[in-house]
Amino acid sequence: NKGKYEHYMQKEIHEQPESLTTTMRGRLKRGGSTKAKTVLLGGLKDHIKSIRRSRRIVFIGCGTSYNAALAARPIIEELSGVPVTMEIASDLVDRQGPIYREDTAVFVSQSGETADTLLALEYALENGALCVGITNTVGSAIARNTHCGIHINAGCEIGVASTKAYTSQIVVMAMLALAIGDDAISSQARREAIIDGLFDLPSMLHLAFSFNRSLDYKDLFYCTVVHLGKSNMFLPCIFADKVREVLKLDQEMKELAKLLIAEQSLLVFGRGYNFATALEGALKVKEVSLMHSEGMLAGEMKHGPLALVDENLPIIVIATRDACFSKQQSVIQQLHARKGRLIVVCSKGDAAAVCPGGSSSCRVIEVPQVEDCLQPVVNIIPLQLLAYHLTVLRGYNVDQPRNLAKSVTTQ
Ligand code: F6R
């Protein structure tokens, strides 16, 4: 049922405040007196110590699920201190790449039925790794055959292009990072800041009260107290809602889609947490709108892609505030110096800081700023909207793109 929406992809993009809420529900908890804020992932509780002690964490997936793991990789490395490597499932199997007993292999799959990911799982089990599943589908092959796991609880995704599952996967992996790093005193402040950031992402996150989070006047104004039946807990619903805020860019992204409708190609540059945003944004555009699009690591720009830059090729640069911001500013300057046709995704209020020659030199998409490791959840949404509108304007089938299936169960 598409409700008030014309397409499933559109519905699934717009329901992300709710899907993210269900992803987090019941998992963010107030701990004992020494740990004010913590994460509970029931499916992992008997294995979290083994994961912490593993020699390496290997993320394995395909397409959007791979991109979600790539977005979460830096925060997992930071909070766990365990080296993280990335594997595209088919490539791991093709190479028969090294997987050891001391490894934790994490299989990320919306459907839980992707053939390539299942083959990689079989291979990792044979090699004795601890296998963890992150899926959206209860009872799926990956959920059944891994040693333990986490369901992302994003709700059924019908559009072939994955949207809400992507943001829920990132949030689950951020919670995984928090759970693995839970015993480190040195990163407690960082973990608490991320948990506060998780509270600010979707609407109706019912846990703030049990958390004793300090609320500001704006929060309180939007607060609705909900009585949760027998549990006798009064929990406020916070509408400090960054995801809902970014969804308001819908019309702006439709206008941008009108400008890009006849283009042959689109580049997307990102780095750090948002390298994944570049890959995933480009994947969305190419798979549904059938426009060639490439996501690129901005740090690689001078090593080849710069040759493509001219006044015609549209280039999206992700330059929201984080430790890489000044590097992205200099990427923008270099693209600008070569007359690049720039579209910059930046944090709210940063238009002047990212546009070298003022607003005439580039188009700016301003998004709300959140904790750096959660920023990919916000940043992908304008690109999902762009892909959606481009497809509809170009007259293609947005829910069932040419040649693609929702679940790829053959090799
Ligand atoms: C892109 C997309 C695909 C899937 C990929 C893996 O929008 O949907 O790239 O992400 O086929 O599928 P799952 O996550 O079901 O293993």
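For the structure itself, look to the data block above.
Cut-offs and rules
- Chains are numbered independently. Their residues run from 1 in the order of the written sequence.
- Note on the predicted model: pLDDT of at least 70 is required for a residue's local features to be given, and 80 or more for side-chain atom pairs to be given and counted; whole-chain, interface and lining totals, by contrast, use all residues.
- Excluded from the side-chain calculations are hydrogens and water; all other atoms, namely the structure's heavy atoms, are used.
- Helix numbers and strand numbers start at the N terminus; a helix is a DSSP run of H or I with at least 4 residues, a strand a run of E with at least 2.
- Exposure categories follow from relative accessible area, calculated using a 1.4 Å probe and restricted to protein chains: below 20% of the type maximum is buried, above 50% is exposed, and the middle band is partly exposed.
- Between two residues, a contact is recorded if the distance between any of their heavy atoms is within 4.5 Å.
- Aromatic contacts are taken between Phe, Tyr and Trp rings whose centres are within 6.5 Å, Trp giving its six-membered ring; a plane angle under 30 degrees counts as stacked, one over 60 as edge-to-face, and the others as tilted.
- In our convention, an over-ring charge means Lys NZ or Arg CZ found within 6 Å of a ring centre and within 35 degrees of that ring's normal.

Draft legend 1. View of the environment of Leu-178. Positionally, Leu-178 belongs in helix α8 (residues 164-180). What makes Leu-178 buried here is its relative accessible area of 2%. Note: C-alpha distance between Leu-178 and Arg-191 (13 residues apart in sequence) is 6.2 Å. Contact partners of Leu-178, with chain neighbours within four places excluded, come to Val-39, Leu-79, Arg-191, Ile-194, Ile-195 and Leu-198.

Draft legend 2. Region of the structure containing the packing of aromatic side chains. In total, this model carries zero aromatic pairs according to the counting rule given. In this arrangement the basic side chain of Arg-55 is found over the ring face of Tyr-100, its NZ or CZ atom lying 4.8 Å from the centre.

Draft legend 3. Geometry of the environment of Gly-26. Topologically, Gly-26 is positioned in the loop between α2 (16-24) and β1 (28-29). Sequence spacing of Gly-26 and Gly-3 is 23 residues, and the spatial spacing of their C-alpha atoms is 27 Å.

Draft legend 4. The arrangement of unusual backbone geometry in detail. One non-glycine residue, Leu-290, lies in the positive phi region at around 60°. Among the secondary structure elements, Leu-290 is positioned in the loop between α14 (275-289) and β11 (292-297). A relative accessible area of 25% means that Leu-290 is categorised as partly exposed. Non-glycine residue Asn-403 carries a positive phi angle of around 70°.

Draft legend 5. Molecular detail of the side chain of Ser-168. Locating Ser-168 in the fold gives a position in helix α8. Residue classification places Ser-168 among the buried residues on the basis of a relative accessible area of 0%. Look past the residues within four positions of Ser-168 in its chain and what remains in contact with it is Ser-19, Leu-20, Thr-23, Ile-152 and Ala-154.

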